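Given next are the chains, with one letter for each unit.
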Amino acid sequence: MTKIEPELIRRWLNGWTVARSLPEAEPVESAGDGLLSKCDQPGREVEVFALRADEEPESVARLAAAVAAARQTTWLTVPTLHPGTVEAVVGTAGLEVLHRSEWFMTTDLTEHPQHAPAAPYEREVRTEGPVTVVSLHDSSGEVAARGTIAVVGPDAIADRIETAAAHRRRGLGRAMMSALAEAAVARGARTGLLIASEEGQRLYYSLGWRHEADVLIARGPVVPSRR
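Attention in this report is confined to the structure presented alongside it. Within every chain, residues take consecutive numbers counted from 1 along the sequence as written. A pLDDT threshold of at least 70 governs which residues receive local features in this predicted model, and a stricter bar of 80 or more applies before side-chain atom pairs are shown or counted, although totals over entire chains, interfaces and linings include all residues. With hydrogens and water stripped out, all remaining heavy atoms of the structure feed into the side-chain values.

Some points on the layout of surface pockets
In step 1: Grid points spaced at 1 Å and placed over the protein atoms alone form the basis of the search, with a cavity being a set where a 1.4 Å probe fits but cannot get out and a pocket an open set showing protein on both sides within 12 Å along at least five of seven lines. Lining residues have an atom within 4 Å of a point. Grid points are joined across faces, edges and corners, and a volume is the space filled by probe spheres set on the points. Of the voids in this model, the largest pocket is the one considered here, and its volume is about 1,200 Å³.
In step 2: Taken together, 36 residues line the largest pocket, and the ones lying closest to its centre are Ile161, Ser197, Glu199, Gly200 and Tyr204.
In step 3: Secondary structure elements are defined from DSSP: runs of H or I of at least 4 residues count as helices, runs of E of at least 2 residues count as strands, and each element is numbered from the N terminus. For the lining of the largest pocket, the elements supplying multiple residues, two or more each, are helix 1 (6-19), strand 3 (44-50), strand 4 (74-80), strand 5 (96-108), strand 9 (155-163), helix 4 (172-186), strand 10 (191-196) and helix 5 (201-206).
In step 4: Sort the elements by how many residues they give to the lining of the largest pocket and strand 9 lands first, with 6 residues.
In step 5: Here the nonpolar group is Ala, Val, Leu, Ile, Met, Phe, Trp, Tyr, Cys and Pro; Asp, Glu, Lys and Arg are the charged ones; every other residue, Gly included, is treated as polar. Considered class by class, the residues forming the lining of the largest pocket number 13 nonpolar, 9 polar and 14 charged.
In step 6: By volume, the second largest pocket is sized at about 360 Å³.
In step 7: If you go around the second largest pocket, you meet 15 residues; those closest to its centre are Glu29, Leu36, Val48, Ala66 and Ala70.
In step 8: At the level of secondary structure, the elements contributing two or more residues to the lining of the second largest pocket comprise strand 3 and helix 2 (57-68).
In step 9: Counting residues per element, the lining of the second largest pocket draws most heavily on helix 2, at 4 residues.
In step 10: Considered class by class, the residues forming the lining of the second largest pocket number 9 nonpolar, 3 polar and 3 charged.

See below:
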């Protein structure tokens, strides 16, 4: 494979915006280069997602220039099989690279390994619309781990998988991903999609998730918020 398909990125983004209750992403001005999501987070008001970084490297330069000139603090996320080339392009545009080692990953959820949480942990599963939230609690009721998955058609997008520091190295990550996969399959999903932090990559890989591309994340100039 020499590139990551734009449609795969679109499918992930559709589910990511649903998982975070964000408005549907919109095409950027340079049609076809990428999609724009209004995140409305302090320091991350807008995020632009590149669709054709490997297919047409010039598209990244156009997006980076737009991010550099944006009137709101804007991030640029680029799935790519050529992260070194992308990093040089965004650096030339004056963007600050925040993360250069994240991975775009996929899996067949119907074959996902199953791991139940060990005692004293118990899981709580709450589904509202297309979004399922799984929490793992210890015997005191404290939330030890939490994760979200959004089902959009045959796809399920996992997001915000977190384990509290005091509860790590106890198999909760595996139990969390198992519960999310089980919930998604029960609602008709087959393909799992996620962007993995460097810390989570080994866990997902051990559960059968496949690396599709690296993900480079950069930020434009920080624009003070208006009061």
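Now that the structure has been shown, we can carry on.
So, the packing of aromatic side chains
In step 1: Two aromatic rings, drawn from Phe, Tyr or Trp (for Trp, its six-membered ring), form a pair once their centres lie within 6.5 Å of each other, and the interplanar angle then sorts them: stacked below 30 degrees, edge-to-face above 60, tilted otherwise. Tallied over the entire structure, the rule returns 5 aromatic pairs.
In step 2: Feature note: the residues Trp12, Trp16, Phe49 and Phe104 constitute an aromatic cluster, connected by ring pairs.

Quick look at the nonpolar core
In step 1: Counting residues in each nonpolar core, the largest one holds 25 residues, and the members touching the most others are Leu109, Ala156, Met177, Ala184, Leu194, Tyr204 and Trp209.
In step 2: Listed by contribution, the elements that provide at least two residues to this core are strand 7 (131-137), strand 8 (143-152), strand 9, helix 4 and strand 10. In these notes, a set of buried Ala, Val, Leu, Ile, Met, Phe, Trp, Tyr and Cys residues joined through side-chain atoms within 4.5 Å is what counts as a nonpolar core. Summary of the burial criterion: residues with accessible area below 20% of their type's maximum are buried, those above 50% are exposed, and those between are partly exposed, where the area comes from a 1.4 Å probe applied to protein chains only.

Quick word on empty space enclosed by the protein
In step 1: Tallied over the full model, the rule gives 1 cavity of 30 Å³ or more.
In step 2: As a volume, the largest cavity reaches approximately 40 Å³.
In step 3: Partitioning the lining of the largest cavity into residue classes produces 6 nonpolar, no polar and 4 charged.

What to know about unusual backbone geometry
Glycine aside, the phi torsion of most residues is negative, and most peptide linkages are trans.
In step 1: Pro120 follows Ala119 through a cis peptide bond whose omega is 10°.
In step 2: Relative to the assigned elements, Pro120 resides in the loop between strand 5 and strand 6 (122-128).
In step 3: Its identity as a non-glycine residue notwithstanding, Ser21 has a phi of 55°, on the positive side.
In step 4: Inspection of the secondary structure assignment puts Ser21 in the loop between helix 1 and strand 1 (26-27).
In step 5: A relative accessible area of 68% places Ser21 in the exposed class.
In step 6: Residue Asp40 is not a glycine yet carries a positive backbone phi of 55°.

Examining the pattern of salt bridges
In step 1: Here, a salt bridge means any side-chain nitrogen of Lys or Arg that lies within 4 Å of a carboxyl oxygen of Asp or Glu. Following the criterion strictly, the structure yields 15 salt bridges and no others.
In step 2: With a closest N to O distance of 2.7 Å, Arg52 and Glu56 form a salt bridge.
In step 3: You can call Arg52 buried: its relative accessible area is 18%.
In step 4: Its relative accessible area of 23% is what places Glu56 among the partly exposed residues.

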